[in-house]
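Structure assessment
What follows is the residue order along each chain.
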Amino acid sequence: MLELVWDAERTSSEIAEAVGATRPAASQHLKVLREAGLVRVRADGSQRLYRVDTERMAEVRAALERFWGARLGRLSAAVAAGRERGRAGGTR
């Protein structure tokens with residue numbers, strides 16, 4: 001759903017159709033995304049248009065990078081070290 005509203009505003013009906021969900025199910029998901037601050041909603045007559053909140057997504061990305069950055073770096077180093085040990089052990 002976030003990908004659908006990344007570059008353009010879409011109605012809940014358009015989103016529901018694109019993901020193969022019912023309109024009520026899509027609305028429930030959009031409500032959660034809205035409450036998390038990940039999407040914004042704008043009323044246009046009787047329609048509600050949804051669009052990703054890029055500022056909030058940047059904050060989330062930064063938080064995930066702070067949390068996972070060093071951890072994934074250590075994991076990558078451990079995997080590489082394991083591969084090197086495996087190669088060295090296989091050449092006996």
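Scroll up a little and you will see the structure.
Keep in mind that what you see is a predicted model, and the values were worked out from it rather than measured.

Here is what the cut-offs are and how they apply
Residues take numbers from 1 onward in each chain, read along the sequence in its written order. For a predicted model such as this one, the threshold for reporting local features is a pLDDT of at least 70, and the threshold for listing and counting side-chain atom pairs is 80 or more; totals across whole chains, interfaces and linings nevertheless cover every residue. Side-chain numbers here rest on the full set of heavy atoms in the structure, without hydrogens or water. Only buried residues count toward a nonpolar core. Its members are Ala, Val, Leu, Ile, Met, Phe, Trp, Tyr and Cys residues joined through side-chain atoms within 4.5 Å. For the exposure calls, accessible area comes from a 1.4 Å probe over protein chains only, and a residue counts as buried if that area is under 20% of its type's maximum, exposed if over 50%, partly exposed in between. Secondary structure elements are taken from DSSP: a helix is a run of H or I of four residues or more, a strand is a run of E of two residues or more, and numbering for both begins at the N terminus. Whether two residues touch is decided by their heavy atoms; if any such pair falls within 4.5 Å, the residues are in contact. When two rings of Phe, Tyr or Trp (its six-membered ring) have centres within 6.5 Å they constitute a pair, described as stacked for plane angles under 30 degrees, edge-to-face for angles over 60, and tilted for the intermediate range. When the NZ atom of lysine or the CZ atom of arginine is within 6 Å of a ring's centre and also within 35 degrees of its normal, the charge is said to sit over that ring.

Observations regarding the nonpolar core
- Counting residues in hydrophobic clusters, the biggest one holds nine residues: Val 5, Ile 15, Leu 30, Leu 33, Leu 38, Val 39, Tyr 50, Val 52 and Met 57.
- Breaking this core down by element, the ones donating at least two residues are α2 (23-35) and β3 (47-52).
- If we skip the residues at most four places from it in the chain, Val 39 touches Leu 2, Val 5, Leu 30, Leu 33, Arg 34, Tyr 50, Arg 51, Val 52 and Asp 53.

Details of the packing of aromatic side chains
- In total, this model carries one aromatic pair according to the counting rule given.
- Measuring from centroid to centroid gives 4.9 Å for Phe 67 and Trp 68, while their planes differ by 85 degrees, and the two rings are edge-to-face.
- By relative accessible area, Phe 67 is classed as partly exposed at 40%.
- Lying across the ring of Phe 67, Arg 71 places its NZ or CZ 4.1 Å from the centre.

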